[in-house]
Amino acid sequence: MKTDIAVIGGGASGITAAIAAKEANSGVRVTIIEKLARTGKKIIASGNGKCNLSNMKLSEYNYHGSVKAVDIIEKMPDYTQFFTDYLGVLCVSGSEGREGGIYPRSNSSNTIVNAMRMKLDELGIEEICGCEVMGITAEKDRFTLICGDENIRCKRLIIAAGGYAAPTFGTDGGIMRILKNMGYKTAKICPAVAPLRVAPDKLKGLKGVRVKGEISAVSGGKVLRTERGEMQFNENNISGICVFNLAYLFSEYEGKLSLKADLLPDMSWNELKGYIENIRKSRGNLPIEELLTGIFVKNLGVYLVKNSVDRPLTDKISALKNKEISAIISRIKALEFEVCGCSPWQNAQSTMGGIHGSCVDGNLQSRLHKGLYLCGEILDTAGDCGGYNLQWAWSSGMLAGGSCGKSLKGAGK
Ligand SMILES: Cc1cc2nc3c(=O)[nH]c(=O)nc-3n(C[C@H](O)[C@H](O)[C@H](O)COP(=O)(O)OP(=O)(O)OC[C@H]3O[C@@H](n4cnc5c(N)ncnc54)[C@H](O)[C@@H]3O)c2cc1C
């Protein structure tokens, strides 16, 4: 089979790139090649089925990696221009108290995928689904994609095959490995927007506990980043959006990263001391396992006391010495866990690392192979949780697709 522009991957960036390529050059044949039975599956699952498609507060702070994502996002049409004006999807900001997050007004990710599929039909973009690209050959002025028994030849190639995160949606890094063999430099890969693993014995007694607070990623005594929000303690990891946003640091600080949580960031040390001293007087007859019952859920209160003082939990609160109270306060204000790994790809929403920024030019065309473009998660940029990764997928897809379409003869309607 022959086509003008082949797009590997029918996810957020691939669909957008195909649309942008066809809009830039209506005379070309554009074909999406998708491994799964349908395109857009990960978009449907995104944002718990609601699709957090962008964020009102978007800056360099929210992206990590060698590709300068924000520079590209800022020069492309924004979410209103693309989704509302162009695709006809009404959007709202801040669904369910998620400050800054932008969602379709319908609160359903299907609205996004339906609008995109309608646009693909309208533009006459072909889709070949259930077809996995297993090899790529680059010749002087064309590419050959090896897909099982069939080869697909194209003049231009857009690679939008995603990263390693959430392999049930077709993303197992296969194309990244092919590109590596073709000479592409990759930045170290690890799960991003994911829980961080902690030794299970350190979490004993905490499974299922959720608490709002402040959590920092720390290495060698240096605070790398601090996030506020709800953290959840699980059997062998800590999750929650605030932790997800620290996971990308694992790639750089593997083996020397820890998490430090302040479980009461709105109360100073002295305020907390005053509170506990008051409890020591008013509830002195109760066992020490009840000391923090008025602040935290039972399991967390017991965990904090048990891990701070060396005495039976049945001892009376009035018996606690000042030194022991200080130890309990220290634990509440700086509960520390060594990070021993990141969670499996199944639990990650994005990939830290990927094809290095030095492999592409300002239009996302490969510097190694003219006529080959890259977009989306396969490139080395990871956004925070909150619509940043999808915004990158749409913007990079628009840029790569538009540049690719224009690069073929007959460009422009
Ligand atoms: C559960 C979940 C929820 C998320 N929620 C949000 C959210 O609300 N907001 C947000 O900003 N981000 C969210 N993300 C992240 C976001 O969805 C991704 O970063 C984004 O979809 C990446 O787009 P992409 O086009 O680069 O890659 P993908 O969407 O991963 O698409 C790549 C496509 O390429 C196909 N493919 C791969 N290899 C081959 C091959 N060899 N041959 C043919 N096809 C191939 C895959 O099947 C896949 O369809 C979420 C991720 C997950 C997993």
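Small disclaimer: the values here were computed from a predicted structure and weren't measured.

The tally for this structure, following the rule as stated, stands at 17 salt bridges. Of the charged contacts in the structure, one is a salt bridge between Arg 29 and Glu 126, with a shortest N-O distance of 2.9 Å. With a gap of 97 residues between them, Arg 29 in the loop between helix H1 (12–24) and strand S2 (30–34) and Glu 126 in strand S7 (residues 126–129) connect regions that are remote in the sequence. Since its relative accessible area comes to 27%, Glu 126 is described here as partly exposed. Of the charged contacts in the structure, one is a salt bridge between Glu 214 and Arg 228, with a shortest N-O distance of 2.9 Å. Residue Glu 214 is located in strand S13 (residues 210–219), and its partner Arg 228 is located in strand S14 (residues 222–233); the two are separated by 14 residues in the primary sequence.

Our next topic: the site of the ligand. Close to the ligand lie 34 residues; Ser 13, Glu 34, Lys 42, Glu 377 and Leu 390 are nearest. One nitrogen or oxygen atom from the main chain of Asn 389 is found 3.2 Å from an oxygen atom belonging to the ligand. Leu 390 has a polar backbone atom sitting 2.7 Å from an oxygen atom of the ligand. Burial of the ligand by the protein amounts to 94% of the accessible area it has alone, namely 1,000 Å². Elements with a minimum of two residues in the shell around the ligand: H1, S2, helix H2 (41–49) and helix H12 (388–406).

Glancing now at the domain arrangement of the protein. Domain boundaries in the protein define domain 1 (2–191 + 348–406) and domain 2 (195–342). One C-alpha centre belongs to domain 1, the other to domain 2; they are set 40 Å apart. Contacts between the two partners involve 10 residues from domain 1 and, on the opposite side, 12 residues from domain 2. Across the domain 1/domain 2 interface, buried area totals approximately 980 Å², and carbon plus sulfur atoms make up 60% of it. Considering only the surface of domain 1 that becomes buried against domain 2, Lys 188, Pro 191 and Cys 385 emerge as the three largest contributors, covering 41% of it. In this assembly, domain 1 and domain 2 are joined by two salt bridges.

Criteria and cut-off values
Residues numbered from 1 in each chain as written. Predicted model: local features only at pLDDT ≥ 70, side-chain atom pairs only at ≥ 80, totals over all residues. Heavy atoms only, no water. Salt bridge = Lys/Arg side-chain N within 4 Å of Asp/Glu carboxyl O. Helix = DSSP H or I, 4+ residues; strand = E, 2+ residues; numbered from the N terminus. Buried < 20%, exposed > 50% of the residue type's maximum accessible area, 1.4 Å probe, protein only. Near = heavy atom within 4 Å. Polar contact = N/O pair within 3.5 Å; in protein donor to acceptor, adjacent residues only side chain to side chain. Areas by Shrake-Rupley, 256 points an atom, 1.4 Å probe, with all protein chains shown as cover. Domains from an automatic or database assignment. Contact = heavy atoms within 4.5 Å. Buried area = accessible area lost by both parts, 1.4 Å probe.

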